[in-house]
Amino acid sequence: MKIAVSACLLGSNCKYNGGNNLSEKVMEFVKGHEVIAVCPEVLGGLPTPRESSEIVNGVVRHKDGTSVDLEFRRGAELALKQVMEAGAELVILQSRSPSCGAKNVYDGTFSGTLIPGQGVFAKLLMENNIKVMDVSELP
Ligand code: SF4
C-alpha cells in the first residue's frame, strides 16, 4: 500500500521550530509500504523555522495577527496533489497542527487550548475522500 505521512513524523526538520516529530510507531507501521512524505506548510512557501500559527475564526494567523492563510491553503492544495498523483490510499497526520491535525486543533487563542476540528490540509484530504489517520490513532 502507498501511504503518505506528515514529513515531520518521518524525521524531517520541517516543524515550525525547526525540529521534527519522528515517530517510532509510524516507522514501524509503514514498514514494507511505499511511503510519501508531505509537508504542506513547506510546500506553501513558508520558511523553517517559522512563527507558530493557529486557525483564528477560520483564518490561519500568527499570534501577532499576521495572516498566513494563503500560504497554508496553497500548501494544502499542493500536498493534496502530491498525495493524489502518488495514489496514496492513506495519509497519516501529525496531531494538533493547523495544517495536519485530523482530530483536534488549537482554538485560535494561542493559549494551548485544543478544540475538536481539522487543520487545513487534513480537512482538504477529507473533503476529497482520502482516508486520513491522526498519528494518535495508530495501534
Ligand atoms: S505542516 Fe504537517 S508535516 Fe509540516 S511540520 Fe507541520 S505537522 Fe509536520
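Residues numbered from 1 in each chain as written. Predicted model: local features only at pLDDT ≥ 70, side-chain atom pairs only at ≥ 80, totals over all residues.

Draft legend 1. Molecular detail of the packing of helix H3 (residues 69-86) against helix H4 (residues 120-127). Running from N to C, H3 and H4 point in directions that differ by 45 degrees, and their axes come no closer than 9 Å. For the element pair H3 / H4, the angle class is oblique. Here H3 runs over H4; the crossing is right-handed. Counted together, Phe-72, Arg-73, Ala-76, Ala-79, Leu-80 and Val-83 of H3 and Val-120, Phe-121, Leu-124 and Leu-125 of H4 form the full contact between these two elements. (Axes fitted to C-alpha atoms, helices over the stretch in contact; angles between N-to-C directions. Helix = DSSP H or I, 4+ residues; strand = E, 2+ residues; numbered from the N terminus. Parallel < 35°, antiparallel > 145°, perpendicular 65-115°, else oblique. Left-handed = near helix turned anticlockwise from the far one by under 90°. Contact = placed C-beta atoms within 7 Å.)

Draft legend 2. Just the nonpolar core, in detail. Ranked by internal contacts, the top residues of the largest apolar core, which has 37 residues, are Val-5, Val-83, Val-91, Ile-92 and Leu-93. Looking at this core, the elements that each hand over two or more residues are strand S1 (2-6), helix H1 (24-30), helix H2 (40-43), H3, strand S5 (90-93), strand S6 (104-106) and H4. It is H3 that contributes the most residues to this core, five residues altogether. Each residue touching Ile-92, except ones within four places of it in the same chain, is listed here: Ile-3, Val-5, Ser-6, Leu-9, Val-26, Met-133 and Val-135. (Core = buried A, V, L, I, M, F, W, Y, C linked by C-beta atoms within 7 Å. Buried ≥ 20, exposed ≤ 12 C-beta atoms within 10 Å, placed from the backbone.)

Draft legend 3. Seen up close, H4. Taken residue by residue, H4 has Val-120, Phe-121, Ala-122 and Leu-125 as its buried positions. The secondary structure elements touched by the buried residues of H4 are H2, strand S4 (59-62), H3, S5 and strand S8 (131-134). Directly after H4, the chain includes Asn-129, whose backbone phi takes a positive value near 60 degrees.

Draft legend 4. Quick peek at the site of the ligand. Taken together, Ser-6, Ala-7, Cys-8, Cys-14, Lys-15, Cys-39, Pro-40, Glu-41, Gln-94, Ser-97, Ser-99 and Cys-100 make up the full set of residues near the ligand. Taken together, the residues that form the shell around the ligand break down as six nonpolar, four polar and two charged. (Near = placed C-beta within 6 Å. Nonpolar A, V, L, I, M, F, W, Y, C, P; charged D, E, K, R; others polar.)

Draft legend 5. Spatial organisation of the pairing of S1. Taken across its five residues, S1 has four buried, putting it largely inside the fold. Alignment of S1 against strand S2 (residues 34-38), held across five bridges, turns out to be parallel. Of the residues in S2, the one forming a bridge with Ser-6 is Val-38. The parallel pair S1 and S2 is bridged by H1, and the resulting crossover is right-handed. Here S1 pairs with S5 via three bridges, running parallel. The partner of Ala-4 across the bridge, within S5, is Val-91. (Pairing = 2+ DSSP bridges. Right-handed = clockwise from strand over helix to strand, strands pointing away.)

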